[in-house]
Amino acid sequence: MTTEEFTHLRERGLTQEAAFRGNLVKVRVDTVALPNGETAQREIVEHPGAVAVVPMTDDGKVVLVRQFRYPINRITLELPAGKLELGEQPEATCMRELAEETGLKAEHLSKLTEFVVAPGYTTERITLYKATGLTPTTAALDEDEFVETVEVPFDEALAMVRDGRIFDAKTMIGLMWLDRHS
């Protein structure tokens, strides 16, 4: 589906006003012309994009990270992931984040899919990869990052999605995508 196919639904940007500029995101408020000729405001969170990786061991386990997520005040179990640095290719981000968060490097990296996180308010797009041929390397967490690495049999990880123990969207998508397409 392209925007050109449905021009009667298209909104047209008129103005942009910066509202916030942080280390991770920028927020802007756009005024748009609606298809009916009226105007409305759209609050947009600009994000540089990210990657997530499904690291699979030779014996069929997925490597996840356990960490505390302050915005939701909960411990989560997630795929290793991280944001793209300026000028960095997604594959390089993937390998960097895999090493930083798990202490592993991958011999093989294959792109699975891309998806948008919440198209109603953010530009964030995540590129999802599968990593195999895992071998140890030096872990180098960011100084404000505290995680534990957990190896879970793939079938058990899928059960954790089904019963709600894994509730992080990128992790759910990654595990279910791999289950359906491998």
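Whatever comes next refers back to the structure up there.
Just so you know, these numbers come straight off a predicted model, no measurement behind them.

J.: Would you mind going over the nonpolar core with me for this structure?
T.: Note that soluble globular proteins tend to have their nonpolar side chains buried in a common cluster. Among the nonpolar cores identified, the biggest contains 22 residues, and Val 54, Val 62 and Leu 175 are the most heavily contacted of them. Among the elements of the structure, β4 (50–55), β5 (61–69), β9 (125–136), β10 (147–153), α2 (154–162) and α3 (169–181) are those that each provide at least two residues to this core. Ranked by residues supplied to this core, first place goes to α2 with five residues. With sequence-adjacent residues up to four places away left out, Val 54 is seen in contact with Val 62, Leu 79, Leu 112, Leu 128, Tyr 129, Lys 130, Ala 131, Gly 174, Leu 175 and Leu 178.

J.: Sorry if this is basic, but what is going on with the layout of surface pockets here?
T.: Using a probe with the size of a water molecule, rolled over the atoms, empty space left in the structure can be pinpointed. Approximately 1300 Å³ is the volume found for the largest pocket. In terms of lining residues, the largest pocket is bounded by 38 residues, among which Leu 24, Arg 69, Glu 78, Glu 124 and Lys 170 are the most central. Of all the secondary-structure elements, those providing two or more residues to the lining of the largest pocket are β4, β5, β6 (74–78), β7 (81–83), α1 (90–102), β8 (104–116) and α3. Each pocket or cavity is described by its volume, and for the second largest pocket that value is around 230 Å³. Lining the second largest pocket, in full, are Arg 28, Asp 30, Arg 42, Ile 44, Val 116, Pro 119, Gly 120, Tyr 121, Thr 122, Thr 123 and Arg 125. For the lining of the second largest pocket, the elements supplying multiple residues, two or more each, are β2 (26–33) and β3 (39–46).

J.: I keep staring at the sheet that holds β6 and nothing clicks. Help me out?
T.: Pairing between sheet strands relies on hydrogen bonds along the backbone, with the strands arranged either parallel or antiparallel. Taken together, the three strands give an open sheet; going across it, the order is β6-β5-β10, and neighbouring strands pair in antiparallel fashion. Two strands in the sheet have a free side with no partner beyond their single neighbour: β6 and β10. Within the sheet, the average angular offset between the axes of one strand and its neighbour, ignoring direction, is 30°. The pairing of β5 with β6 spans five bridges and is antiparallel. Bridge pairing links Phe 68 to Ile 75 in β6. Docked against the sheet, α2 engages β5, β6 and β10, running at close to 110° with respect to β10.

J.: Would you mind showing me how to read the pairing of β3 here?
T.: A regular strand places its side chains on the two faces of the sheet in alternate fashion. Bridge analysis of β2 against β3 gives eight bridges, and the strand direction is antiparallel. The partner of Arg 28 across the bridge, within β3, is Ile 44. The hairpin turn running from β2 into β3, its antiparallel successor, is five residues long, and Gly 37 in that turn takes a positive phi close to 95°.

J.: Whenever I open this one, a nonpolar patch on the surface confuses me. Can you help?
T.: Together, Phe 68, Tyr 70 and Ile 75 make up an exposed nonpolar region whose accessible area comes to about 380 Å². Tracing the chain through its elements places Ile 75 in strand β6.

J.: Any chance you could explain the side chain of Glu 101 here in plain terms?
T.: Here Glu 101 shows up in helix α1. No salt bridge is formed by the buried Glu 101; its nearest oppositely charged neighbour, Arg 69, is found at 6.2 Å. Among the polar contacts made by the side chain of Glu 101, one reaches the main-chain amide nitrogen of Ala 81 at a distance of 3.3 Å.

What counts and what doesn't
- Residues numbered from 1 in each chain as written.
- Predicted model: local features only at pLDDT ≥ 70, side-chain atom pairs only at ≥ 80, totals over all residues.
- Heavy atoms only, no water.
- Core = buried A, V, L, I, M, F, W, Y, C linked by side-chain atoms within 4.5 Å.
- Buried < 20%, exposed > 50% of the residue type's maximum accessible area, 1.4 Å probe, protein only.
- Helix = DSSP H or I, 4+ residues; strand = E, 2+ residues; numbered from the N terminus.
- Contact = heavy atoms within 4.5 Å.
- 1 Å grid on protein atoms, 1.4 Å probe; cavity = no way out; pocket = protein on both sides within 12 Å on 5 of 7 lines; lining within 4 Å.
- Points joined across faces, edges and corners; volume = space filled by probe spheres on them.
- Pairing = 2+ DSSP bridges.
- Axes fitted to C-alpha atoms, helices over the stretch in contact; angles between N-to-C directions.
- Patch = residues over 30% accessible without salt bridge, like charges linked within 9 Å, V, L, I, M, F, W, Y side chains within 5 Å.
- Areas by Shrake-Rupley, 256 points an atom, 1.4 Å probe, with all protein chains shown as cover.
- Salt bridge = Lys/Arg side-chain N within 4 Å of Asp/Glu carboxyl O.
- Lys, Arg positive; Asp, Glu negative; His and termini not counted.
- Polar contact = N/O pair within 3.5 Å; in protein donor to acceptor, adjacent residues only side chain to side chain.

Function-wise, these values are silent; they only describe arrangement.
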